[in-house]
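As a plain string of letters, each chain reads:
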Amino acid sequence: MAETDSQPIAENEQVKELLALLKDNNTPGYEEFAKLIEHVTGMEQRLSEATEELKAVRQEMQGLQNHSLKDALQKSCKAMEANISAMRHHLSELKDQIINGCRNILTDFRERGAVALNGITQFLHVRPVLESIQSAAEKSMQVSNRAVARIDAFSTEYHEMGRHLKNMGRAIQGKPAETDAKENGKVARVFKGAFKVEGALISSINRNAEWALNTLARLEQTAERRPSVL
């Protein structure tokens, strides 16, 4: 499993060989299969970026002085890491299924020739694992949105408290009170931005999973239209 994890699916020899064969033989479903590989590649890239972004947030968090903000963000990070880990596991499963499917079709092709290429419909079986990736991505997007809301709530409360203290000082000096709470602090803005980036990356994984499921639906239609070969 480790080998398929580290190697992008588009660079896998069996995948490349099958794509070339399908194209050369004008096999119905070639375009859908090529699109499926494209969407899986998109998921691989975004997941790698999301993992790195979360690591950076974790490191940045170590220096946080405010314990209540730190605790809230650590909970968000932990939930996000669990979802990313689930996505990585399902993506690895998806890649294994696709590569095994390619291997089976290529073996069959060597024995039976071009008729074996109709076996492309076996890729329809990857639907459940794609749905699992989508489900984990949706959960992660919710975590990201909650983290941004938490930072906003903390920031408002923190600066409201600061404003009250400042106004007490102004009252003692006989100066009028300030009515506006300050903008979100620099620290809060940094983390809010990081969680928004994380959310955007996960959203992109979700879209790629959705596109891949639509591609499978088109592959299914291709299979239904294909004449049976006896």
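Everything below is about the structure shown above.
This text gives an overview of the structure that appears in the document.

**Describing the overall build of the protein chain**
From N to C terminus, the protein chain includes six helices and zero strands. In the protein chain, the succession of α and β elements from N to C terminus is α-α-α-α-α-α. Each of the 230 residues in the protein chain was classed as buried or not, and the buried ones make up 41%. Residue pairs in contact within the protein chain that sit at least 24 positions apart in sequence constitute 80% of those at least 6 positions apart. Here the protein chain has roughly 12,800 Å² of accessible surface; of this, 51% comes from carbon and sulfur atoms.

**Points about the packing of helix 2 (residues 13–24) against helix 3 (residues 30–62)**
It is at 9 Å that the axes of helix 2 and helix 3 come closest, and there the two elements cross at 155 degrees. Judged by the angle between their axes, helix 2 and helix 3 are roughly antiparallel. Handedness of the helix 2/helix 3 crossing: left-handed. Contacts between helix 2 and helix 3 involve Val-15, Leu-18, Leu-19, Leu-22 and Lys-23 on the former and, on the latter, Tyr-30, Phe-33, Ala-34 and Ile-37. Broken down by class, the residue content of the contact of helix 2 with helix 3 amounts to eight nonpolar, no polar and one charged.

**What about empty space enclosed by the protein?**
Considering all chains together, one arrives at one cavity of 30 Å³ or more under this definition. Counted as a void, the largest cavity has a volume near 30 Å³. Along the walls of the largest cavity sit Met-43, Leu-47, Met-87, Leu-91, Ile-133 and Ile-205, which together make up its complete lining. Residue assignment for the lining of the largest cavity shows that the elements contributing at least two residues are helix 3 and helix 4 (67–112). Residue composition of the lining of the largest cavity, grouped by class: six nonpolar, no polar and no charged.

**Some words on the pattern of salt bridges**
Under the defined criterion, the tally for this structure stands at 10 salt bridges. The closest approach of N and O atoms between Glu-44 and Lys-95, which form a salt bridge, is 2.6 Å. One end of the pair, Glu-44, is in helix 3; the other, Lys-95, is in helix 4, and 51 residues separate them in sequence. Neither Glu-44 nor Lys-95 differs from the other in exposure class; each is buried.

**Observations concerning the nonpolar core**
Counting residues in each nonpolar core, the largest one holds 57 residues, and the members touching the most others are Phe-33, Leu-94 and Ile-98. Considering each element in turn, this core owes the most residues, 13 residues, to helix 4. Look past the residues within four positions of Leu-94 in its chain and what remains in contact with it is Val-40, Met-43, Val-126, Val-129, Leu-130 and Ile-133.

Rules used in this analysis
Residues numbered from 1 in each chain as written. Predicted model: local features only at pLDDT ≥ 70, side-chain atom pairs only at ≥ 80, totals over all residues. Heavy atoms only, no water. Helix = DSSP H or I, 4+ residues; strand = E, 2+ residues; numbered from the N terminus. Buried < 20%, exposed > 50% of the residue type's maximum accessible area, 1.4 Å probe, protein only. Contact = heavy atoms within 4.5 Å. Areas by Shrake-Rupley, 256 points an atom, 1.4 Å probe, with all protein chains shown as cover. Axes fitted to C-alpha atoms, helices over the stretch in contact; angles between N-to-C directions. Parallel < 35°, antiparallel > 145°, perpendicular 65-115°, else oblique. Left-handed = near helix turned anticlockwise from the far one by under 90°. Nonpolar A, V, L, I, M, F, W, Y, C, P; charged D, E, K, R; others polar. 1 Å grid on protein atoms, 1.4 Å probe; cavity = no way out; pocket = protein on both sides within 12 Å on 5 of 7 lines; lining within 4 Å. Points joined across faces, edges and corners; volume = space filled by probe spheres on them. Salt bridge = Lys/Arg side-chain N within 4 Å of Asp/Glu carboxyl O. Core = buried A, V, L, I, M, F, W, Y, C linked by side-chain atoms within 4.5 Å.

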